[in-house]
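Structural features, examined
Chain by chain, the residues run as shown.
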Amino acid sequence: MKITRMHGAGGKVMQELIKDVILKNLEITSVNGGIGLESLDDSSTIPIGDKEIVFTVDGHTVKPIFFPGGDIGRLAVSGTVNDLAVMGAKPLALSLSLIIPEGFNLEDLEKIIKSINETCKEAEVAIITGDTKVSDGVDDIIISTAGVGVVDRGKAIRDCNVQEGDAIIVSGNIGEHGLAILLSREGFDFETNIKSDVAPVNKMIERVLEEGIEIHAMKDLTRGGLADALNEMAEKSNIGITIFEDKIPISDEVQSICDILGLDPLTIANEGKVVIAVKKEDAERCLDILREHPLGKNAEIIGYATKEHKGVVMETIVGRRIVDMPIGDPIPRVC
Amino acid sequence: MMKVRIKVKGIVQGVGFRPFVYRIAKKNNLKGFVKNMGNYVEIVVEGKKEDIENFIKDLKNKKPPLSRIDKLDIEEINDNLSFDDFYIIKSEDSREEEEGTIPADVAICDDCLKEMFDKNDRRYRYPFTACTTCGPRFTIVEKLPYDRENTSMRDFPLCEKCLEEYKNPLDRRFHAQATCCPVCGPKVFLSDGKEVIAEKDEAIKEAVKLLEEGKILAIKGIGGTHLACKVSENEPVLNLRKRLGRPTQPFAVMSKRDYVDLFAEVDEDERNMLLSLRRPIVVLKKSENYDKYFSKYVSNLDTIGVMLPYSGLHYLLFDKEIAYVMTSANLPGLPMVKDNDEILKKLDGIADYFLLHNRRIVNRCDDSVVKKVANRLVFLRRSRGFAPEPIKVDVENDKNILCVGAELNSTACIVKKNKFYLTQYIGNTSKYETFCYLRDAINNILRLTNTNKIDAVVCDLHPQFNSTKLAEELADKFGAEIFRVQHHFAHAYSLLGDNNYFDDAVVLSLDGVGYGLDGNIWGGEVLLFKDGKIERVGHLEEQYQLGGDLATKYPLRMLLSILYKAIGEEAFDFIKKYNFFSEKELALLKFQLEKKLNCPITTSTGRVLDAVSALLGICFEKTYDGEPSIRLEPEANKFKGNMEIEPKIKNNILDTTELIYKSYEMLLNDESKEKIAYFAHIYIADGLFEIAKKMADRTGINAVGITGGVSYNRIITERVMNNAKREGFDFIYHNRVPNGDGGICFGQGIAYILKNRAEPYG
Ligand SMILES: [Fe+3]
Ligand SMILES: [Mg+2]
Ligand SMILES: [Zn+2]
Ligand SMILES: [Zn+2]
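Counting of residues starts from 1 at the beginning of each chain's written sequence and follows it residue by residue. Starting at A for chains and at 1 for ligands, labels are handed out in the order in which the entities are written. Local features in this predicted model are restricted to residues whose pLDDT is 70 or higher, and side-chain atom pairs enter the listing and the counts only when it is 80 or higher, whereas totals over whole chains, interfaces and linings include all residues. In computing side-chain properties, one takes all heavy atoms of the structure into account and sets aside hydrogens as well as water.

1. Brief notes about the overall build of chain B
The condition is simple: By the criteria applied, helices consist of DSSP H or I runs no shorter than four residues and strands consist of E runs no shorter than two, each listed in order from the N terminus. The quantity called the radius of gyration is restricted to C-alpha atoms. Its globule counterpart is 2.2 Å times the number of residues to the power 0.38. Classification of residues uses two cut-offs on accessible area relative to the type maximum, computed with a 1.4 Å probe and protein chains only: under 20% is buried, over 50% is exposed, and between them is partly exposed. Two residues qualify as a contact provided that any one of their heavy atoms is within 4.5 Å of a heavy atom in the partner residue. The charged-residue count follows a simple rule in which Lys and Arg add positive charge and Asp and Glu add negative charge, with His and chain termini not counted at all. We put the charge of a Lys on NZ, of an Arg on CZ, of an Asp on CG and of a Glu on CD.
From N to C terminus, chain B includes 24 helices and 32 strands. Its C-alpha atoms give chain B a radius of gyration of 27 Å, near enough to 27 Å, the size a compact globule of 762 residues would have. Among the 762 residues that make up chain B, the fraction classed as buried is 65%. Across chain B, contacts joining residues at least 24 apart in sequence account for 73% of those joining residues at least 6 apart. Of the charged side chains in chain B, 111 are positive and 114 negative, and the gap between their average positions amounts to 2 Å.

Structure representation (structure tokens):
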């Protein structure tokens, strides 16, 4: 079998690849009893003394590399910082590994590095190590960033600990990153305000944690969108999640373009949004704190965790719909 | 003197079998007993050899009309026990894991009706009147054996008089599990949604008055709830349409038998089916006088679905009106409501009044629907009156196979030996509620067939069907193997199994959507069945489904996509004239089509017919499954005359761009819509038949069949049939299993038995 685009699209096919080919063949995957690779959480941890080092890595390719609302540099920093942040960790430092194709425009490279710098300042993280390669084997620039953060021992927030009755909160409008990339990649030349939401969310999450909100589980929304994140949390926590369609924050513009193209906004990528399972009693307070932050101004409580069913079920005006783990491109199923 | 033990398997419960045995034992001077074993009946008789022989003859030849004997095991026994009389012994649970059968629901019989309309009878106008040979069965049963205490009739202890009848072996209510009377049985009441406004007979009389006034009533029946209103005026029908969110889907009607000929054309087969005790809805051609009696909003097709009353209550509803709309009380895609609380809550704002009763419906069971196509009555839906009666197939099998079906018009089945027990109609399992119903129905059919062990779970290849996920879960639970069958292969297997035809054949498998082996969407497939294996040997041209499922909902998208292929940019100017899409939408659609964004590839027949339907301005938005193509058929039916065409075929692929382009050209040349509609139908029928014939000729095959949802289309199916017969082929078509996705579970079972494994993801 050959690797296809579907294997990299997030969702079920990719999960199978990771489990059956990668995890199966690696034997040592955790240190000191910390969170290891097999958890497939956003980051892993290494307990040391009364702290845990939180560690993650992310490779970034995106077409086009400059897109409305951001660029590959901002994406490379935000993606890794967010993976640390949703563990409840304070991100400290990143590594920066560049694979640059032969013939790449020097001005573009400089623009990207400047963007990396701006985003690091916003997130208050340092780039402390790096590596640069020029290759004739890649089509476009690839940026890998590893990130290190720190959290108090035993305080890391997992994605597998959603509890019955928890309120499910999403920190803002969904679908913006994926749609912005898609439209700009395909040369969509209509007037639109759709911009990628790519941003580091660690400062916003720190505010929530400082206020002592009891967060049971947290994830950033990336490939596969909200549908992927919720399914993963529900499955790993062995619980059901019910959400309400009319509560899901989404801009009219994203909604209307999705309606015309036949895309499900629940499955479209984000790069600056998190989904949080929070103790019911803390939900409203958590929402207020999120909304005070510019990145969280559209935050909403979209549902709750339940033992009445498994997986993710969405209440709509025409009955309840099972929200699937997305599998890459949508496949028609209506007769 | 001798003594024998007889085990009878088949439909022998709830059909008056034991009283019948009692009577023939007495008649033949035999002693002994008869006993219900849960999934079979055991008889021990003692007497003269000759009498025993006569007894066995009677057993075979005089058995009750609803019973069916599949197997008789007879063995002689030698013990010293002897009997002083013949007895009917209380039921015992059998430990043997063997198939038992709960009979399907049966319409009220003539004897009971006579009592119900006899002023002097104690059951005068009592709507729950039933006897050993009639009344509800499957819908009230909780578990085997079929005894009163295992049904919802246990809530109604028999009064003295009823008990007498129940205990008297010579009474026609002897051991009639659903028997009751006005004193001890269930009661009807009428509610306005807030409170009960009338009870018992008053409730019924009041309900009739309200119906005649044009009100919409929810009527709780045997296996579920109907929404009813009069058919003769527009307003009630339109109100019902609006409240239900069903703008165009034809409503079924219930009519008294003498009236049907007033408004419909009925042939002998159709009449027999209408009158049969199974009482399905029969889709009939409207007659010339139809419009005299019916509001035009009841059905916008040239057909009307008709059923006759099947419960006592139904008979009491007819006074002045000749027919009522009787549509399942469910919101689109969701299961029909059946419990009183639920009826009142969910139909609030839909029904004006509620005619309910206090008997629990244990198993929901929608009305069955049949239609005559190509000289056969075929199932559009196989449910009440048929489920859970097994379908027997001439195959050898020693595994217990659970098949979960596809996603729309869903049914599931359990296969044991050569018997296929299909569940009642489930519906669209992409909805959570309906998905839960599928799970319940599966548990139920396992319980009713005493099945504790599953060897294999079979499902569709579509990676996102909820039924596929359920299959994985069940395979896990039972430690069973999981087996995936390509959708159109399953249709073909279903056709073959339906006909017990396992010789080589070419099958046209035509429908709207199914996940193909290549990851594309299939639906116009020419399949070669040879040596037990299926191979795709031809199909419709691949087209882009502009916007995925949206192209199914809005058929103009499909037209645009195909026309764009034929004439390029001009297609947009043409589509603009329909005034359906805004400028902005058109611009986006153009962008989408050029970039092939969310434009999956399809060979679906449904999508091509949809495009023609949109082209002719017949349907721009699908509000129920198959609507655009279903509404195209009556237009084509108007065309009288012959048409010979030459479909364009290359490499066994039928060119559908040509079909659409020709239709478009005809439209521009002011040809009649009926002619264009007809052209499209026969283009598909003749084109696919030509491919099939070529394959058959090449491989020396002499049978051609047709299956899938498109095979409900009379024009296409009958054209293929006539072509096949003209060319000297056997023609294979359905009659026991639904052509559409309601038959997929059956085909999945056949596929597993024939060990034809489709590889996931091609
Ligand atoms: Fe189908
Ligand atoms: Mg992550
Ligand atoms: Zn009767
Ligand atoms: Zn009684």
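2. Structural notes on the coordination of the zinc ion (ligand 4)
Residue and element names in this part refer to chain B. Put simply, the test is: Because water is not among the atoms used, a metal site may look incomplete, as its donors are only the N, O and S atoms within 2.8 Å, or 3.2 Å for Na, K and Ca. In short, tetrahedral needs four donors with all angles between 85 and 135 degrees, square planar needs four and octahedral six donors with opposite donors over 155 degrees apart and all other angles between 65 and 115, and whatever is left is irregular.
For the zinc ion (ligand 4), the full set of protein donor atoms is Cys159 (SG), Cys162 (SG), Cys181 (SG) and Cys184 (SG), at a range of 2.3 Å. For the zinc ion (ligand 4), the four donor atoms in the first shell make angles of 101 to 120 degrees at the metal, a pattern classed as tetrahedral. When the donor residues of the zinc ion (ligand 4) are listed from N- to C-terminus, their spacing reads C-x2-C-x18-C-x2-C. Across the pair, cysteine 184 and cysteine 181 agree in class, each one buried.

3. Observations regarding the nonpolar core
Applicable threshold: To define a nonpolar core, start from buried Ala, Val, Leu, Ile, Met, Phe, Trp, Tyr and Cys residues and group those joined through side-chain atoms within 4.5 Å.
Ranked by internal contacts, the top residues of the largest apolar core, which has 91 residues, are Leu179 of chain A together with Leu559, Ile660 and Leu688 of chain B. The element that contributes the greatest number of residues to this core is helix H22 (residues 673-699) of chain B, accounting for 15 residues. Residues contacting leucine 559 of chain B, with those up to four places away along its chain left out, are Phe574, Ile575, Tyr578, Ala611, Ala614, Leu615 and Ile660 of chain B. Counting 58 residues, the second largest nonpolar core, distinct from the first, contains Leu113, Ala130, Val141 and Leu211 of chain B.

4. As for the pairing of strand S11 (residues 274-278) of chain A
Residue and element names in this part refer to chain A. Operational definition: Paired strands are those between which DSSP finds at least two bridges.
Most of S11 is tucked away, with five of its five residues classed as buried. Of the two faces of S11, both are covered, the one formed by Val274, Ile276 and Val278 as well as the one formed by Val275 and Ala277. In this sheet, S11 lies alongside strand S9 (residues 215-220) in antiparallel orientation, the contact comprising five bridges. The residue of S11 that forms the bridge with aspartate 220 is valine 274.

5. Some remarks on the layout of surface pockets
The cut-off we apply is this: Here a cavity denotes grid points, spaced 1 Å and computed from the protein atoms alone, that fit a 1.4 Å probe unable to get out, and a pocket denotes an open set having protein on both sides within 12 Å along at least 5 of 7 lines; residues with an atom within 4 Å of a point are the lining. Grid points are joined across faces, edges and corners, and a volume is the space filled by probe spheres set on the points. Residue classes follow a fixed rule: Ala, Val, Leu, Ile, Met, Phe, Trp, Tyr, Cys and Pro count as nonpolar, while Asp, Glu, Lys and Arg count as charged, and any other residue, Gly among them, counts as polar.
A volume near 940 Å³ is recorded for the second largest pocket. Taken together, 31 residues make up the lining of the second largest pocket; nearest its centre are Asn231, Glu235, Lys310 and Gly311 of chain A together with Lys469 of chain B. Where the lining of the second largest pocket is concerned, the elements lending two or more residues are helix H1 (12-22), helix H6 (225-237), strand S13 (311-316) and strand S14 (319-323) of chain A together with helix H12 (432-448) and helix H13 (466-478) of chain B. When the residues that make up the lining of the second largest pocket are grouped by side-chain class, the tally is 12 nonpolar, seven polar and 12 charged.

6. So, the coordination of the zinc ion (ligand 3)
All names here are of chain B. Distances from the zinc ion (ligand 3) to its protein donors, Cys109 (SG), Cys112 (SG), Cys131 (SG) and Cys134 (SG), fall within 2.3 Å. Donor residues binding the zinc ion (ligand 3) come from one chain and are separated in sequence as C-x2-C-x18-C-x2-C. In this pair, cysteine 112 sits in helix H3 (residues 110-116) while cysteine 134 sits in the loop between H3 and helix H4 (160-167), placing the two residues 22 residues apart along the sequence. A residue is classified by how much of its surface remains accessible, and cysteine 134, at 0% relative accessible area, is buried.

7. Re helix H7 (residues 252-261) of chain A
The criterion, for reference: Of all possible arcs, the one meant is that of the directions from the helix axis to the C-beta atoms.
Buried residues of H7 of chain A: Val254, Ile257, Cys258, Ile260 and Leu261 of chain A, and no others. Take H7 of chain A and look down its axis: the buried residues cluster within an arc of 165 degrees, on one side only. The secondary structure elements touched by the buried residues of H7 of chain A are helix H4 (176-185) of chain A together with helix H15 (549-553), helix H16 (555-567) and helix H18 (583-595) of chain B. Glycine 262 of chain A occupies a position one or two residues after H7 of chain A and carries a positive phi of about 80 degrees.

8. Some remarks on empty space enclosed by the protein
Residue and element names in this part refer to chain B. Summed over all chains, the structure comprises six cavities of 30 Å³ or more. In this model, the largest cavity occupies a volume close to 140 Å³. Lining the largest cavity are 18 residues, with Pro127, Ile222, Ser311, Gly312 and Arg359 positioned closest to its centre. Of the residues contributing to the lining of the largest cavity, the split by class is 10 nonpolar, six polar and two charged. Space inside the second largest cavity adds up to approximately 70 Å³. Looking at the lining of the second largest cavity, the element that brings in the most residues is helix H1 (residues 17-27), giving three residues.

9. Looking at the UniProt feature "domain: Acylphosphatase-like" (unreviewed entry) in chain B
To keep things clear, this is the line we draw: UniProt positions are given in the numbering used here, feature names are shortened, and annotations may be inferred rather than shown by experiment.
The positions that UniProt labels "domain: Acylphosphatase-like" (unreviewed entry) are, in the present scheme, residues 3-90 of chain B. Along residues 3-90 of chain B, the helical share is 27% and the strand share 40%, with 21 Å between the first and last C-alpha atoms.

10. Side note on the UniProt feature "domain: PurM-like C-terminal" (unreviewed entry) in chain A
Listed under "domain: PurM-like C-terminal" (unreviewed entry) in the UniProt record, and renumbered for this structure, are residues 163-313 of chain A. Span residues 163-313 of chain A is 34% helix and 20% strand, its end C-alpha atoms 16 Å apart.

11. Side note on the side chain of aspartate 460 of chain B
Residue and element names in this part refer to chain B. The cut-off we apply is this: By convention in these notes, a salt bridge is any Lys or Arg side-chain nitrogen within 4 Å of a carboxyl oxygen on Asp or Glu. Counted as a polar contact is a pair of N or O atoms within 3.5 Å, where, for protein atoms, one must be capable of donating a hydrogen and the other of accepting one, and residues adjacent in sequence contribute only when both atoms are in side chains.
You can see aspartate 460 is positioned in strand S22 (residues 456-460). One buried charge, aspartate 460, has no salt-bridge partner; the nearest side chain with opposite charge is arginine 484, at 8.8 Å. A distance of 2.9 Å separates the side chain of aspartate 460 from the side chain of histidine 487, its partner in a polar contact.

12. Topic: the interface of chain A and chain B
To be explicit about the condition: By definition, the buried area sums, over both parts, the 1.4 Å-probe accessible area that each loses when the two are put together.
Between chain A and chain B, the contact holds 31 residues from the first and 40 residues from the second. Counting each side, the surface lost to burial between chain A and chain B is near 3,200 Å², with a carbon and sulfur contribution of 60%. The largest per-residue losses of area from chain A upon contact with chain B belong to Ile260, Arg333 and Cys335 of chain A, which jointly make up 25% of the total buried on that side. The interface formed by chain A and chain B holds three salt bridges in total. Here lysine 469 of chain B ties to aspartate 324 of chain A by a salt bridge, and the two come within 2.1 Å at their closest N and O atoms. Here chain A is connected to chain B by 14 residue pairs in polar contact (both at pLDDT 80 or more). For the side of chain A that touches chain B, the secondary structure elements donating two or more residues are H4, H7 and S14 of chain A. Its residues assigned to classes, the side of chain A that touches chain B comprises 18 nonpolar, five polar and eight charged.

13. A look at the sheet that holds strand S12 (residues 300-306) of chain A
Paired through backbone hydrogen bonds, the strands of a sheet run either parallel or antiparallel to each other. To keep it simple, the criterion reads: To define axes, lines are fitted to C-alpha atoms, for helices over the stretch in contact only, and angles between the resulting N-to-C directions are given on a 0 to 180 degree scale.
With mixed pairing, seven strands are arranged side by side in an open sheet as S9-S11-S8-S12-S10-S13-S14 (chain A). In the strand order of this sheet, the two ends are held by S9 and S14 of chain A, each with one partner. Sheet twist, expressed as the mean angle between neighbouring strand axes with direction ignored, is 25 degrees. Pairing between strand S8 (residues 167-170) of chain A and S11 of chain A: four bridges, direction antiparallel. What sits directly across from valine 170 of chain A, in S11 of chain A, is valine 275 of chain A. Across the sheet, H12 of chain B touches S13 and S14 of chain A, and the angle it forms with S14 of chain A is around 75 degrees.

14. Observations regarding helix H24 (residues 744-753) of chain B
Residue and element names in this part refer to chain B. Burial within H24 is extensive, with 10 of its 10 residues counted as buried. Turning to H24, its buried residues are Ile744, Cys745, Phe746, Gly747, Gln748, Gly749, Ile750, Ala751, Tyr752 and Ile753. Among the residues trailing H24, lysine 755 stands out with phi positive, at a value near 55 degrees.

15. Structural notes on the packing of H16 of chain B against H18 of chain B
All names here are of chain B. Where we set the bar: Roughly parallel means an angle under 35 degrees; roughly antiparallel means over 145; roughly perpendicular covers 65 to 115; every other angle is labelled oblique. When the near helix sits turned anticlockwise from the far one by under a right angle, the crossing is termed left-handed; a clockwise turn instead gives a right-handed crossing.
At a closest axis distance of 11 Å, the pairing of H16 and H18 adopts a crossing angle of 55 degrees. Judged on the interaxial angle alone, H18 and H16 are oblique. Like other packed secondary-structure pairs, H16 and H18 cross with a definite hand, here right-handed. Here Arg557, Leu560, Ser561 and Tyr564 of H16 lie close against H18, whose contacting residues are Leu589, Gln592, Leu593 and Glu594. Split into classes, the residues belonging to the contact of H16 with H18 amount to four nonpolar, two polar and two charged.

16. Let's talk about the sheet that holds strand S23 (residues 481-485) of chain B
Strand order in the open sheet formed by six strands is S18-S21-S20-S19-S22-S23 (chain B), with mixed pairing between adjacent strands. On the outer flanks of this sheet lie strand S18 (391-392) and S23 of chain B, each paired with one strand and no other.

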